[in-house]
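# Report on the structure
So you can see what is in the structure, the chains are spelled out below.
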Amino acid sequence: MHPTPAPPPRAARGREIASLAAFDRVAAERGSLAGYRVQAVDLTDRTSALLRLDTADAVFLGCPMAPEAAARVRATGALVFPPVPGLPFDPYRGRPYTPEELFASLEEGYEATPDARAHAWFRRTTGDGDVFASMLRAIHDDAVSDALDEILDGCRVVGVMGGHATERGSVEYAGAARLGRSLARAGFTVATGGGPGAMEAANLGAYAAPFADSMLEEALVLLAKAPSFRPSVTEWARAAFEVRSRRPGGSISVGIPTWFYGHEPPNPFAAHIAKYFANATREDGLLARSTAGVVFLPGAAGTVQEIFDNATPNYYESRGEPRPMVLVDRDHWTRELPAWPLLRSLAAGRALESRIALVDSIDEAPDALLRLGG
């Protein structure tokens with residue numbers, strides 16, 4: 001697997017328009033849309049502007065507009081990719097998802113939400129091998145990556161990896177939540193796989209960072225009433241939204257889940273959710289964006305894979321100098337799933353050797369990360 005490429009230059013991003021407010025600002029300040037990329041913006045009420053402005057070499061991605069406006073911008077040299085009807089998602093979207101967006105209609109049950117409907121579409125179209133659907137998935141995932149890079153530009157991102165099986169109410173869940181809170185309070189942006197279990201706990205902890213410590217304790221008690229997303233994603237998600245409604249305004253963190261694992265819903269504590277159809281793109285992208293290091297909590301096959309997916313570019317220094325890697329739970333990573341001895345052997349005599357650590361408890365992880373240069 002090749003490393004995820006570096007984000008595009010800021011100059012290229014400066015030509016992107018992803019909101020109606022940005023469209024109006026560019027139209028007023030520059031008087032031209034020449035060379036711009038307008039992404040998933042409803043322009044049906046901007047016909048007069050589109051008939052007047054220079055749109056040479058512009059690109060309109062999934063922007064509804066009046067027929068006369070579409071005809072005019074095409075005639076002046078713009079490319080117009082029209083919206084695709086009937087999809088439960090926008091392949092041209094210009095920003096990450098929000099929890100409210102993915103869980104809209106939750107009051108009718110999880111199956112009615114855009115998240116569940118997108119997964120149903122994914123399963124249906126991957127089964128029939130439709131090349132058009134494959135193209136739409138690829139466009140969507142690339143747009144999500146671009147939006148995520150813009151959100152994380154300049155952030156010190158720490159990835160927290162861990163399994164989905166960790167239940168609310170457990171000691172392990174509470175520990176992962178404290179970890180997320182400590183990282184957020186230290187100025188890091190927490191990024192997780194965006195799903196349930198330890199991933200949700202880390203996003204929850206980051207969300208709780210601005211509040212008194214008692215807020216997290218109260219949230220843990222409330223969430224324990226729905227310990228798992230099985231058997232009911234609906235009740236699991238409702239408990240999370242109740243925590244958020246009681247204490248709005250938590251810190252921002254990122255979740256990077258996938259529809260590939262349809263049984264894993266995204267957790268509502270990540271402010272920005274970059275959800276992918278392609279799991280390989282999602283996993284490599286999550287690790288590549290963890291610029292300040294990665295903390296690996298106890299997990300199973302998926303977490304083991306992530307350890308060595310992260311170790312490989314660190315070993316070859318293909319993304320620059322190695323980034324810190326902290327493995328949590330000595331017994332787990334040396335006896336149950338002995339990834340640590342192999343990682344240590346790989347790192348011996350290389351720059352990576354000074355960027356890895358094994359700690360006994362979650363509470364030691366933030367200090368270890370800082371010690372390694374995170």
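A brief structural summary. Since the structure is predicted, the reported quantities are computational estimates derived from the model, not experimental observations. (Residues numbered from 1 in each chain as written. Predicted model: local features only at pLDDT ≥ 70, side-chain atom pairs only at ≥ 80, totals over all residues. Heavy atoms only, no water.)

### Digging into the pairing of strand E6 (residues 189-192)
Every regular strand shows the same layout, with side chains that alternate between the two sheet faces. Side-chain alternation along E6 places Thr-189 and Ala-191 on one buried face and Val-190 and Thr-192 on a second face that is also buried. Pairing of strand E5 (residues 157-161) with E6 involves four bridges; the strand directions are parallel. Note that in E6 the partner of Gly-159 across the bridge is Ala-191. Taken together, E5, helix H8 (residues 171-185) and E6 constitute a β-α-β crossover, and its handedness is right-handed. Note that E6 and strand E7 (residues 254-255) share two bridges and pair parallel. Its bridge partner being in E7, Thr-192 is matched across the sheet by Gly-255. (Buried < 20%, exposed > 50% of the residue type's maximum accessible area, 1.4 Å probe, protein only. Helix = DSSP H or I, 4+ residues; strand = E, 2+ residues; numbered from the N terminus. Pairing = 2+ DSSP bridges. Right-handed = clockwise from strand over helix to strand, strands pointing away.)

### Remarks on unusual backbone geometry
Cis geometry marks the peptide bond from Arg-230 to Pro-231; its omega dihedral reads 10°. Locating Pro-231 in the fold gives a position in the loop between helix H10 (213-223) and helix H11 (233-246). For Ala-40, which is not glycine, the phi dihedral falls at a positive 55°. By relative accessible area, which is 25% here, Ala-40 ends up partly exposed. We note that Glu-317 has phi near 55°; this positive angle belongs to a residue other than glycine. Relative to the helices and strands, Glu-317 resides in the loop between helix H13 (301-316) and strand E10 (325-328). Judged by its relative accessible area of 38%, Glu-317 falls in the partly exposed class.

### Some points on helix H6 (residues 114-128)
With 15 residues, H6 should reach 21 Å at 1.5 Å per residue; the first-to-last C-alpha distance of 21 Å fits that figure. Of the positions making up H6, those classed as buried are Pro-114, Asp-115, Ala-116, Ala-118, His-119, Trp-121, Phe-122 and Thr-125. Summarising the contacts, the buried residues of H6 are in contact with helix H5 (99-102) and helix H7 (131-152). A positive backbone phi angle near 65° is found at Gly-129, which sits one or two residues after H6. (Expected span 1.5 Å × (residues − 1). Contact = heavy atoms within 4.5 Å.)

### Quick look at the side chain of Asn-279
Tracing the chain through its elements places Asn-279 in helix H12 (residues 279-288). At 3.0 Å, the side chain of Asn-279 forms a polar contact with the side chain of Arg-282. With residues up to four places along the chain from it excluded, the contact list for Asn-279 reads Thr-258, Phe-260 and Tyr-261. (Polar contact = N/O pair within 3.5 Å; in protein donor to acceptor, adjacent residues only side chain to side chain.)

### Quick word on the packing of helix H9 (residues 198-208) against H10
Relative orientation of the contacting elements H9 and H10 amounts to 145°, with a least axis distance of 10 Å. Here the hand of the crossing between H9 and H10 comes out right-handed. In this structure, H9 contributes Leu-204, Tyr-207 and Ala-208 to the contact, and H10 contributes Met-215, Leu-216, Ala-219, Leu-220 and Leu-223. Grouping the constituent residues of the contact of H9 with H10 by class yields eight nonpolar, no polar and no charged. (Axes fitted to C-alpha atoms, helices over the stretch in contact; angles between N-to-C directions. Left-handed = near helix turned anticlockwise from the far one by under 90°. Nonpolar A, V, L, I, M, F, W, Y, C, P; charged D, E, K, R; others polar.)

### So, the sheet that holds strand E4 (residues 79-81)
Across the sheet, four strands lie side by side as E1-E2-E3-E4; this open sheet has parallel pairing. The strands lining the two open edges of the sheet, one partner per strand, are strand E1 (16-17) and E4. Sheet topology note: the E1/strand E2 (residues 37-39) ladder contains two bridges and is parallel. Counted as the bridge partner of Ile-17 is Val-38 from E2.

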